[in-house]
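Summary of structural features
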Amino acid sequence: MSSPAVRPDRDLDEILAVADVPLTTRIVDLNVLRIGLRTNVPDFAGYTYFTRFADAHDTDAGEVDFWLDCVDLDRSPIDEQALRNIADQTFRGKRFRSGFYLTSYFGAPAYLVSRGNRFAVFGRGLERTVWPYFVKHILTAYGADRRMLHLKAAGFTDPAGRGTLLFGRGGAGKTVFLASACEAGMSFLTNTHVLLRDNQAFGVPSSMRVRDDALFGPLIRKGGLESHLEADEFVADPARIFSRTADTCTVANLCIVDHRKDLPYGVTRLDDGDAYDFLEQFAFAVSAYGLKDDLLAHYGGDFHQYVRAYARMKAHLRTLVGSTRTFHINMDMLDPGMREEVLTLLSDTQEPARTAVRS
């Protein structure tokens, strides 16, 4: 008779049990997947990133795709040698222990433990790891395992259900573009992340981070929005701000948003190669978020699995670009005339001219 298999996360459970860590659970609904988020911190600030939750009592464990335990060591002291013994020895695990989580996100040193579809992080101020790292990594791994593509994108759908995804550098005006389109009658799809199966896009519901400016200032005061983790930002649930929302759509347009007042306004139809080269760096999650080491670790360091998954995702992106219309857009979406011009173009099924420049 064979002995029962040892669960890969048994060492993690033992540490939590010995320290008697009191974890409470909320089930985060990200549209196509669910994350069981457990923590010993009451009113955990990490929950503010999310807008949809399933009832933990009515959710079977098999309906949860990933688990994440956030354990504050000030509330539940744990022997740090024991944590070092089980912490990841990967590139990301070492970065966490030095206080650097992902790209520009950093904080107190923390211990990262990965066991299949279960993650745990031990440290302080752990809300800064939830959305900045774990959600991005989980979406990328989930997509890679299911032949889906994770992109950094905002998006909306028109009344006919055709989807437009928005990309661009930081500060290019994607959020203003998205909000202006939704205020003009489009349906909100996503503000930050999208998963694609072929050309079918699935929005990832989350809070929006908005600033007190000409567009969002009235909404902040009207809705009494809460301050975000960053001092100059506020948290907004898109379902409270916009009258129409959508969970999924078929993508028709890919738009690189690049609002520049110092350059002529206009809309340019892009060559597939130029569009792909930009999106591969600014939208393809592995590149945009620096997740190559994490994806390799997800496959246990297996070179062949990693290369196959990576190649599939890049081929998916190339096919998406080739089967949709791609634009470079430098327009002031707060200007009613320009906004109407852009939204009419995106809803038009006819092929536009390659370049249309406004003075």
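Scroll up for the structure.
Summary of the structure given here. Source: prediction; values computed, not measured. (Residues numbered from 1 in each chain as written. Predicted model: local features only at pLDDT ≥ 70, side-chain atom pairs only at ≥ 80, totals over all residues. Heavy atoms only, no water.)

This next bit is on the packing of aromatic side chains. Counted under the stated rule, the structure contains 18 aromatic pairs. Here the aromatic rings of Phe96 and Tyr101 are separated by 5.0 Å at their centres, their planes lie at 50 degrees, and the arrangement is tilted. Grouping residues by exposure puts Phe96 and Tyr101 together as buried. Three or more aromatic residues joined by ring pairs form one cluster here, namely Phe44, Tyr47, Tyr49, Phe50, Phe53 and Trp131. Lying over the aromatic face of Tyr47, Arg26 brings its terminal NZ or CZ to 5.0 Å of the ring centre. The aromatic ring of Phe53 is capped on one face by Arg26, whose charged end is 3.7 Å from the ring centroid. (Phe/Tyr/Trp six-rings, centres within 6.5 Å; stacked < 30°, edge-to-face > 60°. Buried < 20%, exposed > 50% of the residue type's maximum accessible area, 1.4 Å probe, protein only. Lys NZ or Arg CZ within 6 Å of the ring centre and 35° of its normal.)

Before going further, it helps to examine the layout of surface pockets. Each pocket or cavity is described by its volume, and for the largest pocket that value is around 1,100 Å³. As for the largest pocket, its lining consists of 40 residues, of which Lys152, Lys174, Thr175, Thr192 and Arg209 are closest to the centre. A breakdown of the residues in the lining of the largest pocket according to their chemical character gives 17 nonpolar, 13 polar and 10 charged. (1 Å grid on protein atoms, 1.4 Å probe; cavity = no way out; pocket = protein on both sides within 12 Å on 5 of 7 lines; lining within 4 Å. Points joined across faces, edges and corners; volume = space filled by probe spheres on them. Nonpolar A, V, L, I, M, F, W, Y, C, P; charged D, E, K, R; others polar.)

Turning our eyes to something else, we now look at unusual backbone geometry. Leaving glycine out, the prevailing phi sign among residues is negative, and the prevailing peptide bond configuration is trans. One non-glycine residue with positive phi stands out, namely Asn31, at about 80 degrees. With respect to the element layout, Asn31 can be found in the loop between strand E1 (24-29) and strand E2 (34-39). Given the relative accessible area of 23%, Asn31 is considered partly exposed. Not every positive phi belongs to a glycine, and Asp43 is a case in point at roughly 50 degrees. (Helix = DSSP H or I, 4+ residues; strand = E, 2+ residues; numbered from the N terminus.)

Turning our eyes to something else, we now look at the pattern of salt bridges. Going through the model one piece at a time under the given rule, you end up with 13 salt bridges. Asp13 is the partner of Arg118 in a salt bridge, and the nearest nitrogen-oxygen pair spans 2.8 Å. In this pair, Arg118 is assigned in strand E8 (residues 118-123) and Asp13 in helix H1 (residues 10-18), connecting sequence segments 105 residues apart. For Arg118, a relative accessible area of 6% translates into the label buried. Notably, a salt bridge pairs Asp158 with Arg162, separated by 3.1 Å at the nearest N-O pair. Accessibility expressed as a relative area gives 7% for Asp158, which makes it buried. What you see here is one network of salt bridges that share partners, running through Asp13, Arg38, Asp69 and Arg118. (Salt bridge = Lys/Arg side-chain N within 4 Å of Asp/Glu carboxyl O.)

The next point concerns helix H12 (residues 336-347). Owing to its 3.6 residues per turn, the α-helix aligns residues three or four sequence positions apart on the same side. Its 12 residues give H12 an end-to-end C-alpha distance of 16 Å, which sits within 8% of 16 Å, the value for a rise of 1.5 Å per residue. Of all the residues in H12, the buried ones are Met338, Arg339, Val342, Leu343 and Leu346. Each buried residue of H12 lies within a common arc of 125 degrees when the element is viewed along its axis, so the set occupies one face. Across H12 from its buried face, at more than 90 degrees, point the exposed residues Pro336, Glu340 and Thr344. Buried residues belonging to H12 abut strand E10 (154-157), strand E11 (162-167), helix H5 (174-183), strand E18 (248-257), strand E19 (266-269) and strand E20 (325-330). (Expected span 1.5 Å × (residues − 1). Arc of directions from axis to C-beta. Contact = heavy atoms within 4.5 Å.)

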